[in-house]
Amino acid sequence: MSFGARVRVSRQSRDWSQTDLANAVGTSQTCIYNWESDQTYPRPANMVALATALGVPQKFLEEGEGGVSMGMTVDEVLSSAKAELARVLHTTADRIELKFSMAS
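Residues numbered from 1 in each chain as written. Predicted model: local features only at pLDDT ≥ 70, side-chain atom pairs only at ≥ 80, totals over all residues. Heavy atoms only, no water.

Draft legend 1. Local environment of the overall build of the chain. Summing up its helical and strand segments, the chain has six helices and zero strands in all. Starting at the N terminus and walking to the C terminus, you meet the elements of the chain as α-α-α-α-α-α. The C-alpha atoms of the chain give 14 Å as radius of gyration, which agrees with the globular expectation for 104 residues (13 Å, within 12%). Along the longest, intermediate and shortest principal axes, the C-alpha atoms of the chain span 45 × 30 × 20 Å. By residue count, 33% of the 104 residues in the chain fall in the buried class. The long-range fraction of contacts in the chain, counting pairs at least 24 apart against all pairs at least 6 apart in sequence, stands at 48%. (Helix = DSSP H or I, 4+ residues; strand = E, 2+ residues; numbered from the N terminus. Rg over C-alpha atoms; globule rule 2.2 N^0.38 Å. Buried < 20%, exposed > 50% of the residue type's maximum accessible area, 1.4 Å probe, protein only. Contact = heavy atoms within 4.5 Å.)

Draft legend 2. Here's a closer look at the environment of valine 7. Mapped onto the elements, valine 7 comes out in helix 1 (residues 3-13). Looking at valine 7, the relative accessible area reads 0%, which means it is buried. The spacing of valine 7 and tyrosine 33 is 26 residues in sequence and 9.9 Å in space, taken between C-alpha atoms. When near neighbours in sequence (up to four residues on either side) are disregarded, valine 7 contacts Leu21, Glu36, Leu50, Leu54 and Leu61.

Draft legend 3. Region of interest: the side chain of glutamine 18. Position of glutamine 18 relative to the elements: it lies in helix 2 (residues 18-25). Within the local environment of glutamine 18, its side chain forms a polar contact with the side chain of glutamate 36, the two groups lying 2.9 Å apart. Sequence-distant contacts of glutamine 18, that is, excluding residues within four places in its chain, are made with Arg11, Gln29, Ile32, Tyr33 and Glu36. (Polar contact = N/O pair within 3.5 Å; in protein donor to acceptor, adjacent residues only side chain to side chain.)

Draft legend 4. Here's a closer look at the packing of helix 1 against helix 4 (residues 44-54). For the pair helix 1 and helix 4, interaxial distance at closest approach is 10 Å and the crossing angle is 35°. As helix 1 packs across helix 4, the resulting crossing turns out to be left-handed. Across the interface between the two elements, Phe3, Val7, Ser10 and Arg11 from helix 1 touch Met47, Leu50 and Leu54 from helix 4. Residue classes in the contact of helix 1 with helix 4 are distributed as five nonpolar, one polar and one charged. (Axes fitted to C-alpha atoms, helices over the stretch in contact; angles between N-to-C directions. Left-handed = near helix turned anticlockwise from the far one by under 90°. Nonpolar A, V, L, I, M, F, W, Y, C, P; charged D, E, K, R; others polar.)

Draft legend 5. The arrangement of the nonpolar core in detail. Grouped together as the largest cluster of nonpolar side chains are 15 residues, with contacts concentrated most on Phe3, Val7, Leu21, Leu50, Leu54 and Leu61. Residue contributions to this core peak at five residues, all from helix 4. Sequence-distant contacts of leucine 54, defined by excluding residues within four places in its chain, comprise Val7, Ser10, Arg11, Arg14, Leu21 and Leu61. (Core = buried A, V, L, I, M, F, W, Y, C linked by side-chain atoms within 4.5 Å.)

And the structure:
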């Protein structure tokens, strides 16, 4: 998964628009778009603000280590999965239903 994809998945797991994330980071929606499409990469100060706003380790954004699920509840993980599936399937998250069970 690319840097931009990690930003997008993390943002979508919070159910934020690019504008919401831009406001939280203190940058423009255009910057978020460019980061998510891997056209540009944030400066160090913006990287720290981005990780903080998204609630993910900076190392996850930079290298993919640590995972989006760190510190997330099951509901948040499922919401993130729904958002990513909706993106891939070109639909909305409210049209996706996920079910899971745990083996004993």
